[in-house]
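# A closer look at the structure
For reference, the chains in residue letters:
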2 protein chains.
Amino acid sequence: MPSAMREGGRLVVVGGDAAGMSAASRARRLRPDVDVVVLEQGRDVSYAACSLPYYIADLVTERDQLVRYDADFFRRERHIDVRLGTRAVELEARRRTVTCEIEGTPDGEVLEFDALVIATGARAVRPPLPGVELDGVFTLRTLADGERIKRFLGSGQVRSATVVGGGYIGLEMAEALAARDIGVTVVELLPTVLFTYDPDMSSIVEAELLANGVVLHKERKVGGFEPGDDPGRVGYVLSGGQRVAADLVIMATGVRPATDLAESAGIELGPTRAIRTDARQVTSEPSVLAAGDCCEATHIVTRRPVWIPLGTTANKQGKIAGENAVGGNVQFGGIAGTNVAKVFDLEVAQTGLTAVGAKAEGHAAESARIRASTRAHGYPGGQEITVKLVFEKDGGRLLGGQIIGRERVAKRIDTIATALHAGMTVADLAQVDMSYAPPFAPVWDPILIAAGQAVKKLAG
Amino acid sequence: MPSAMREGGRLVVVGGDAAGMSAASRARRLRPDVDVVVLEQGRDVSYAACSLPYYIADLVTERDQLVRYDADFFRRERHIDVRLGTRAVELEARRRTVTCEIEGTPDGEVLEFDALVIATGARAVRPPLPGVELDGVFTLRTLADGERIKRFLGSGQVRSATVVGGGYIGLEMAEALAARDIGVTVVELLPTVLFTYDPDMSSIVEAELLANGVVLHKERKVGGFEPGDDPGRVGYVLSGGQRVAADLVIMATGVRPATDLAESAGIELGPTRAIRTDARQVTSEPSVLAAGDCCEATHIVTRRPVWIPLGTTANKQGKIAGENAVGGNVQFGGIAGTNVAKVFDLEVAQTGLTAVGAKAEGHAAESARIRASTRAHGYPGGQEITVKLVFEKDGGRLLGGQIIGRERVAKRIDTIATALHAGMTVADLAQVDMSYAPPFAPVWDPILIAAGQAVKKLAG
């Protein structure tokens, strides 16, 4: 563990997004005496990356709505020395120095620190396909990416778009583009979209895509991009053998942890190739902590390290890293991989392990899947909701859940996440006293119905 | 415990609503050989009592929508001998006989049984106030009550109504009547409406009532009712010293467990004056079980018997009573008192103990209350949500929660209910990996924010 931060010491945070600013803010709150410096290579801090599809859809209209607190706010209100356009390029953990490059200046700067938090995040994968350099081929990761796409769309010449990759960012972008009356094709390498879900659940999402006019190419490899009439600008995507017209391409082919700085310092990566930390967010170097999308977390079901980059985790890990960096001693309890996405009118949520994932982890897993209504029989407006629970055949320990429906999904998954944190069995879950009123749920909540089915499968 | 049901034995269930029909159905499913008889004094079984306010509001238009499965369905599909218009008047538990009166016939009938489930429910309290017998003064408990009110409203002569009692049924009725453009006054004896909530939460509901044009009389005792122009029909309510015009009065002054039959058999009541049972729903007489609003349940926080009549509990207890009545051995895990109601545009939910209730139970309780948005900053449509957590000062064990807001409240309370069942502390809850996406929640879910506040209060 890092030694307690000395009076008037310095904390350097590398990366000014969710994890970094959470760490800096937490440290500042606990230790007004400490010099807190944030090195951010871009020109923004703490922006709402998850809202970028809605910004592109013009549902969120102003850039300012994505940046709740800007660098000046952190400087002025929290006395955090935020340095934009400043890239940390070399870390010497034992000597406690970090070397930065400052945009627009030829000279670097060497900063000494007492503790350092790596919060470098993740970066979008941009496969080196033929034509990937054409105008109109984008990745979406940073606010700058979002602005570029929005500007490109503003040109008004985009009638068709291809999204490469059917993960949740790809599908959120498909929805965003469709909302702008652009014809959308999604090309997915695998046999299903949303590969972190079981196929019997992701198929519901595929039906929703089709119902909303999205063209879906599955098990298709993108071979490259070709210009149309304008030689510098994308006009076609090669999807499998097919040439698909596309005035815009979003490469939603995944992200990788940004570990260059950590690796430059000889800091250990874990089995996922993200930075390994202990529960206190301390890396293999005692003076260096890590938080957010650049590092691993412990999965509460498997107790193994996983890399599931999500904003919720980044915020929590950042807060813990910030506290421990200045002498605190708090632990992160781990993650269940809980996530939710809106795909057109569907809410799509999961937590814990899928049936496929549980088997891959060596569990003798069983699952129960039910369909029910979101409201009481007779009350208008009820929608179908599908709940799937995954559990151990022997003993019934809950391993995970997936829910898809048109309302009241997102926060229902939290019930299952809470049950996972508590180590409940499906029989325990079936006993939970859940809320009922005709406008909000049937008297047997869909989760209770699924848990009841699961219990039956145990007995059987 | 009751002895295993003999081959071809008889189960008699008294009461054909949620608990009774759940018990009968469960028993039938497990034991096709057993003669399952349901005695129901009314003319309906298994109707959606909680939907009655929406039926009166004309949101649910047809009576049939309230009766998902009628007596014929149970007779035909489940081979359950449902006897309508049949009232059990005397129970001899040791002799295993029950005496019934059958509507329209002078003679009673004596039925023998091997096991009997009492599911007599609760009945509305109708205080013997002067004028309570006038036309237009109603209680709302049964489907017949709902039909009477709807018919009365159909006369078209109702311009003003008074609801006596500001519990959740009273407030649901206030909303239902306002939806029919009737001016509504709510008269409440206590200083706040929704007395099962803490006053700092129920005050939010009071503001909503006023914003929707409801006149609220608090700390007012209703002295009686007086006719208007028509001498047989209610025209005024005496609220405190005031004479309030009312063409319709709903007496929502609470319910009491229907225990006459149990008492006739010398079956023990508990401290709440509802029927006492063990976790297997067996009463003080081994051949007699009880389920639903007529009996107590164990509160999972206090481990003490409570009487909180709700449909969710009735369904669960009924199922357990039905299984055990035919030789099963399953236990009811108890209740958290989780409930939710819609009051105009608010969702109002609670689980476990309030701050007031926790102190009354002898806990050294602390609470944390926060306001947050239901969606990410910048995403349109976010609404304010208020979350209050109640917990033990020493150690932080979670004792209860209350949530009020305009969206995504009802199923958020289930997260807290699950945490209560698991015996979590507020620190445990603060670690739960909850879902986030801009349309559905801020990155720190309001429950996590509240849990974080609670943890701070512990440390401080």
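Quick notes on the rules
- Residue numbering note: each chain is counted from 1, following its sequence as written.
- For this description, chains carry letters from A and ligands carry numbers from 1, given in the order in which they are written.
- With pLDDT at 70 or above as the cut-off, local features in this predicted model cover only qualifying residues; side-chain atom pairs require 80 or more to be listed or tallied, and sums for whole chains, interfaces and linings still use all residues.
- Secondary structure elements are defined from DSSP: runs of H or I of at least 4 residues count as helices, runs of E of at least 2 residues count as strands, and each element is numbered from the N terminus.
- Throughout, radius of gyration means the C-alpha value; the globule benchmark is 2.2 Å times the number of residues raised to the power 0.38.
- Partly exposed residues are those whose C-beta has more than 12 but fewer than 20 other C-beta atoms within 10 Å; with 20 or more the residue is buried, with 12 or fewer it is exposed, and the C-beta atoms are placed from the backbone.
- Strands were regarded as paired on the criterion that DSSP finds at least two bridges between them.
- Axis lines are fitted to C-alpha atoms, over the contacting stretch for helices. Their N-to-C directions set the angle, which ranges from 0 to 180 degrees.
- Contact between two residues is assigned when their C-beta atoms, built from the backbone, lie within 7 Å.
- Should the near helix be turned anticlockwise from the far one by less than a right angle, the crossing is termed left-handed; should it be turned clockwise, right-handed.
- To estimate how far a helix should extend, the number of its residues minus one is multiplied by 1.5 Å.
- By our criterion, buried Ala, Val, Leu, Ile, Met, Phe, Trp, Tyr and Cys residues that link up through C-beta atoms within 7 Å make up a nonpolar core.
- Alignment of copies: least-squares fit on C-alpha atoms of residues with pLDDT of at least 70 in both copies.
- Domain start and end points were adopted from an automatic or database domain assignment.
- Crossovers are described as right-handed under a simple rule: with the strands pointing away from the observer, the path leading from the first strand over the helix to the second runs clockwise.
- Roughly parallel refers to an angle under 35 degrees, roughly antiparallel to one over 145, roughly perpendicular to one between 65 and 115, and oblique to any angle outside these ranges.
- Under the scheme applied, nonpolar residues are Ala, Val, Leu, Ile, Met, Phe, Trp, Tyr, Cys and Pro; charged residues are Asp, Glu, Lys and Arg; polar residues are all the others, including Gly.
- Note: pLDDT gives the predictor's confidence per residue, expressed from 0 to 100.

What follows is about the overall build of chain A. In terms of regular secondary structure, chain A is built from 12 helices and 25 strands. What you see for chain A is a C-alpha radius of gyration of 23 Å, in line with the 23 Å of a compact globule of 460 residues. Counting only residues that meet the buried cut, chain A has 56% of its 460 residues in that class.

Bringing the sheet that holds strand β22 (residues 346-352) of chain A into the picture now. What holds strands together in a sheet is hydrogen bonding between their backbones, with the strands either parallel or antiparallel. Residues and elements named next belong to chain A. With antiparallel pairing, 5 strands are arranged side by side in an open sheet as β21-β22-β25-β24-β23. Each edge of the open sheet carries a strand with a single partner, namely β21 (339-343) and β23 (365-373). Pairs of neighbouring strands in the sheet enclose a mean axial angle of 10°, with direction left out of account. Here 7 bridges tie strand β24 (residues 384-392) to strand β25 (residues 398-405), and the two strands are oriented antiparallel to one another. Bridge assignment links Ile385 to a residue of β25, and that residue is Gly405. Seen against the sheet, helix α6 (residues 199-211) touches β21, β22, β23, β24 and β25 and runs at an angle of roughly 15° to β25.

Our focus in this paragraph is the packing of helix α1 (residues 18-30) of chain B against helix α8 (residues 311-325) of chain B. All names here are of chain B. With their axes 7 Å apart at the nearest point, α1 and α8 run at an angle of 35° to one another. Both α1 and α8 take part in a crossing whose hand is right-handed. Contacts between α1 and α8 involve Ala18, Ala19, Gly20, Ser22, Ala23, Ala24, Ser25, Arg26, Ala27 and Leu30 from the first element and Gly311, Ala314, Asn315, Gln317, Gly318, Lys319, Ala321, Gly322, Glu323 and Ala325 from the second.

Residue and element names in this part refer to chain A. Spanning 12 residues, helix α5 (residues 168-179) covers 16 Å between terminal C-alpha atoms, matching the ideal 16 Å at 1.5 Å per step. For α5, the tally of buried residues reaches 10 of 12 residues, placing the bulk of the element in the interior. Residues Tyr168, Ile169, Gly170, Leu171, Glu172, Met173, Ala174, Glu175, Ala176 and Leu177 constitute the buried set of α5. Next to the buried residues of α5 lie α2 (52-56), β10 (160-164), β11 (183-188), α6, β16 (248-251) and β21. Looking one or two places after α5, you find Asp181, whose phi comes out positive at around 60°.

Once that is clear, we can look at the nonpolar core. One recurring pattern in soluble globular proteins: nonpolar side chains tend to sit buried together. Grouped together as the largest cluster of nonpolar side chains are 314 residues, with contacts concentrated most on A:Val117, A:Ile118, A:Val249, B:Val117, B:Ile118 and B:Val249. Ignoring any residue separated from it by four or fewer positions in sequence, one finds B:Val249 in contact with B:Gly136, B:Val137, B:Phe138, B:Ala161, B:Thr162, B:Val164, B:Phe225, B:Val234 and B:Val237.

The next thing to look at is helix α10 (residues 412-421) of chain A. Residue and element names in this part refer to chain A. Most of α10 sits out of view: 10 of its 10 residues are buried. Residues of α10 that are buried: Arg412, Ile413, Asp414, Thr415, Ile416, Ala417, Thr418, Ala419, Leu420 and His421. Directly after α10, the chain includes Gly423, whose backbone phi takes a positive value near 70°.

This part covers the interface of chain B and chain A. The parts lose accessible area when they come together, and the size of an interface is often stated as this lost area. Across the boundary between the two partners, chain B contributes 55 residues, which contact 55 residues of chain A. Breaking the side of chain B that touches chain A down by element, the ones donating at least two residues are α8, β21 (339-343), β22 (346-352) and α10 (412-421) of chain B.

Okay, the sheet that holds strand β13 (residues 222-227) of chain A next. All names here are of chain A. What the 3 strands build is an open sheet, ordered β13-β14-β15; its pairing is antiparallel. In this open sheet, the two strands that pair with only one neighbour each are β13 and β15 (242-245). Sheet twist, expressed as the mean angle between neighbouring strand axes with direction ignored, is 25°. With 4 bridges joining them, strand β14 (residues 234-239) and β15 adopt antiparallel strand pairing. Along β15, the bridge assignment pairs Tyr236 with Ala245.

In the superposition of chain B on chain A (RMSD 0.0 Å, axial shift 0.0 Å), the rotation amounts to 180°. What the superposition gives is, in effect, a two-fold axis relating one chain to the other. Looking at the rotation axis and the C-alpha trace of chain B, the residue lying nearest is B:Thr415, at 2.2 Å. Mapped onto chain A, 100% of the interface residues of chain B again fall at the interface, so both copies present the same surface.

The backbone phi angle of A:Phe344 is positive, close to 55°, even though this residue is not glycine. Looking at the secondary structure, you find A:Phe344 in the loop between β21 and β22. Judged by C-beta crowding, with 18 C-beta atoms within 10 Å, A:Phe344 ranks as partly exposed. For B:Gln281, which is not a glycine, the phi torsion comes out positive at approximately 70°. With respect to the secondary-structure elements, B:Gln281 resides in the loop between α7 (260-264) and β18 (288-290).

Considered domain by domain, chain A is made up of domain 1 (10-42 + 84-123 + 256-325), domain 2 (126-253) and domain 3 (347-459). Between the C-alpha centres of domain 1 of chain A and domain 3 of chain A there is a distance of 36 Å.

All names here are of chain B. Following the sequence through the fold, Phe138 ends up in strand β9 (residues 137-139). Its 22 C-beta neighbours within 10 Å are what place Phe138 among the buried residues. Considering only alpha carbons, one finds Phe138 and Glu62, 76 residues apart in sequence, at a separation of 21 Å. When sequence neighbours within four positions are dropped, the list of residues in contact with Phe138 reads Asp145, Arg148, Ile149, Val249, Ile250 and Met251.

What follows covers the pairing of strand β10 (residues 160-164) of chain B. All names here are of chain B. Counted residue by residue, β10 has 4 buried out of 5 residues, so it is predominantly covered. By the bridge criterion, 5 bridges tie β10 to strand β11 (residues 183-188) in an arrangement that is parallel. In the sheet register, Ala161 faces β11, and the bridge partner there is Val184. For the handedness criterion, the β-α-β arrangement of β10, helix α5 (residues 168-179) and β11 is classed as right-handed. As paired elements, β10 and strand β16 (residues 248-251) share 4 bridges and run parallel to each other. Across the sheet, Ala161 pairs through a bridge with Leu248, a residue of β16.

The subject of this paragraph is the packing of α10(A) against α10(B). Running from amino to carboxyl end, α10(A) crosses α10(B) at an angle of 15°, the nearest separation of the two axes being 8 Å. In terms of axis orientation, α10(A) runs roughly parallel to α10(B). In terms of crossing hand, the pair formed by α10(A) and α10(B) is right-handed. Here α10(A) contributes A:Asp414, A:Thr415, A:Thr418 and A:Ala419 to the contact with α10(B), which in turn contributes B:Asp414, B:Thr415, B:Thr418 and B:Ala419. Class assignment of the residues belonging to the contact of α10(A) with α10(B) gives a composition of 2 nonpolar, 4 polar and 2 charged.

Below, the discussion takes up the pairing of β24(A). Residue and element names in this part refer to chain A. Inspection of the sheet shows β23 paired to β24 by 9 bridges, in the antiparallel sense. Bridged to Ala365 within β24 is Glu392. Where β24 hands over to β25, the hairpin turn is made up of 5 residues, of which Gly395 adopts a positive phi near 100°.

This part is about the environment of A:Val244. Residues and elements named next belong to chain A. Mapped onto the elements, Val244 comes out in strand β15. Judged by local crowding, Val244 falls into the partly exposed class, with 18 C-beta atoms found within 10 Å. The sequence separation of Val244 and Ile370 amounts to 126 residues, and the corresponding C-alpha distance is 38 Å. Ignoring anything within four residues of it in the chain, the contact list for Val244 reads Thr162, Thr185, Tyr236, Val237 and Ser239.

Take B:Lys342: it is sitting in strand β21. Here B:Lys342 falls in the buried class, since 20 other C-beta atoms lie within 10 Å of it. Between the C-alpha atom of B:Lys342 and that of B:Ile404, which follows or precedes it by 62 residues, the distance is 9.9 Å. Once residues within four sequence positions are removed from consideration, B:Lys342 is found in contact with A:Ala437, A:Pro439 and B:Glu347.

The subject of this paragraph is the confidence of the model for chain A. In the predicted model, chain A carries a mean pLDDT of 96, and the fraction of residues at 70 or more is 99%. Our summary of model confidence lists the complex with pTM equal to 0.96 and ipTM equal to 0.96.

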